[in-house]
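# Fold and geometry: a report
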Amino acid sequence: MGNAIGVHGMVWVGGWSRPEAERAVASTAEAGYDLIELPALDPASFDVDMTARLLEKHGLAAAASLGLDDHTDVSSTDDAVVRAGRRRLADALALVRDLGGDYLGGVVYSKLGRYDRPVSERGRANSIETIAALADEARPSGVTVGVEICNRYETNVLNTVEQALAFIDEADRPNLVAHLDTYHMNIEESSMREPVLAAHRAGRLGYIHVGESHRGRLGTGTIAWREFFAALAEVGYGGTITFESFSSEVVHPSLSSALAIWRDTWRDSMDLARDARGFLRAHLDS
Ligand code: MN
């Protein structure tokens, strides 16, 4: 399979100043990856020209992901909050487009964080309407929008692939896909195989995050990797696979706390990334 292999920016850096961007992009290329996924929680803060030059210099592609917050939650019933969320998403889309990327994903449909109640009917409708409009805005630039299915402590809207496929069906846009993440699947799904098959059957398997059960080094937790990669092979998945890992060694001002990263699962980013790259190649080639 000729999958593009990506790495999440927070394997390297918690911010995107020039020195951080230089280190993240150069290290991504050095560790043998094809793509870097930018944590675009504050998309308007990125220096697009500087980032584009770095990507070109190192021959890398970029994707972007973000989660919304209390003030930009598009699954809110407060119209002003929903509007603020739509502006944030428009900024993120502009970032991806201006970097020549073709993918924007993550928890773009709700807050990234713990809720204390289920999503309301109107909140869910606001979310679907927002994502449909975002997909429409993205389509002329060839950008695909992905809804990342996350565990119950990080969203109350899409915890399973079944929920995501129903949501996508209602939004009904051609460039809208399900974004699977093994870390979340391991918490919420009944197997590591069935969600892959279900998303594929629906024609919506579009992007994958590989993360270990403790979000640390691949192959040192409890994820059923053989089952997962066998499912990818079974459906002939040819899309991007991005390695995602978090440690208190690299701190992002808002993402680290939203994801509850309280301890160091690793210290050496390059060692971690090279190891993950080898792990992914070994599973994809076997
Ligand atoms: Mn993820």
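The structure reproduced in this document is the subject of the present report. (Residues numbered from 1 in each chain as written. Predicted model: local features only at pLDDT ≥ 70, side-chain atom pairs only at ≥ 80, totals over all residues. Heavy atoms only, no water.)

Looking now at helix α7 (residues 194-201). For α7, the full list of buried residues reads Pro-195, Val-196, Leu-197, Ala-198 and Ala-199. Next to the buried residues of α7 lie α5 (161-171), β6 (176-181), α6 (182-188), β7 (205-210) and α8 (225-235). Directly beyond the C-terminal end of α7, a positive phi value near 70° is found at Gly-203. (Buried < 20%, exposed > 50% of the residue type's maximum accessible area, 1.4 Å probe, protein only. Helix = DSSP H or I, 4+ residues; strand = E, 2+ residues; numbered from the N terminus. Contact = heavy atoms within 4.5 Å.)

Bringing the coordination of the manganese ion into the picture now. In this structure, Glu-148 (OE), Asp-181 (OD), His-209 (ND1) and Glu-244 (OE) serve as the protein donors to the manganese ion, at separations of 2.0 to 2.1 Å. Mapped onto the sequence, the residues coordinating the manganese ion show the spacing E-x32-D-x27-H-x34-E. Of the two residues, His-209 is situated in strand β7 and Glu-244 in the loop between β8 (241-243) and α9 (255-258); the sequence distance between them amounts to 35 residues. Take Glu-244: its relative accessible area is 7%, and that puts it in the buried class. (Donors = N, O, S within 2.8 Å, 3.2 Å for Na, K, Ca; no water.)

The next subject is the side chain of His-179. If you trace the backbone, His-179 turns up in strand β6. Here the side chain of His-179 touches Glu-148 through a polar contact of 3.5 Å, side chain to side chain. When sequence neighbours within four positions are dropped, the list of residues in contact with His-179 reads Tyr-103, Gly-105, Gly-106, Gly-146, Val-147, Glu-148, Ile-149, Tyr-207 and His-209. (Polar contact = N/O pair within 3.5 Å; in protein donor to acceptor, adjacent residues only side chain to side chain.)

Turning our eyes to something else, we now look at the sheet that holds strand β5 (residues 144-148). Two strands in a sheet stick together by hydrogen bonds in their backbones, pointing the same way (parallel) or opposite ways (antiparallel). Here we have 8 strands rolled up into a closed barrel, ordered β1-β2-β3-β4-β5-β6-β7-β8, and parallel in their pairing. Adjacent strand axes in the sheet meet at a mean angle of 25° when their direction is disregarded. Bridge count between strand β3 (residues 61-68) and strand β4 (residues 103-111): 5 bridges; the pairing is parallel. Bridge pairing in β4 links Leu-66 to Gly-106. (Pairing = 2+ DSSP bridges. Axes fitted to C-alpha atoms, helices over the stretch in contact; angles between N-to-C directions.)

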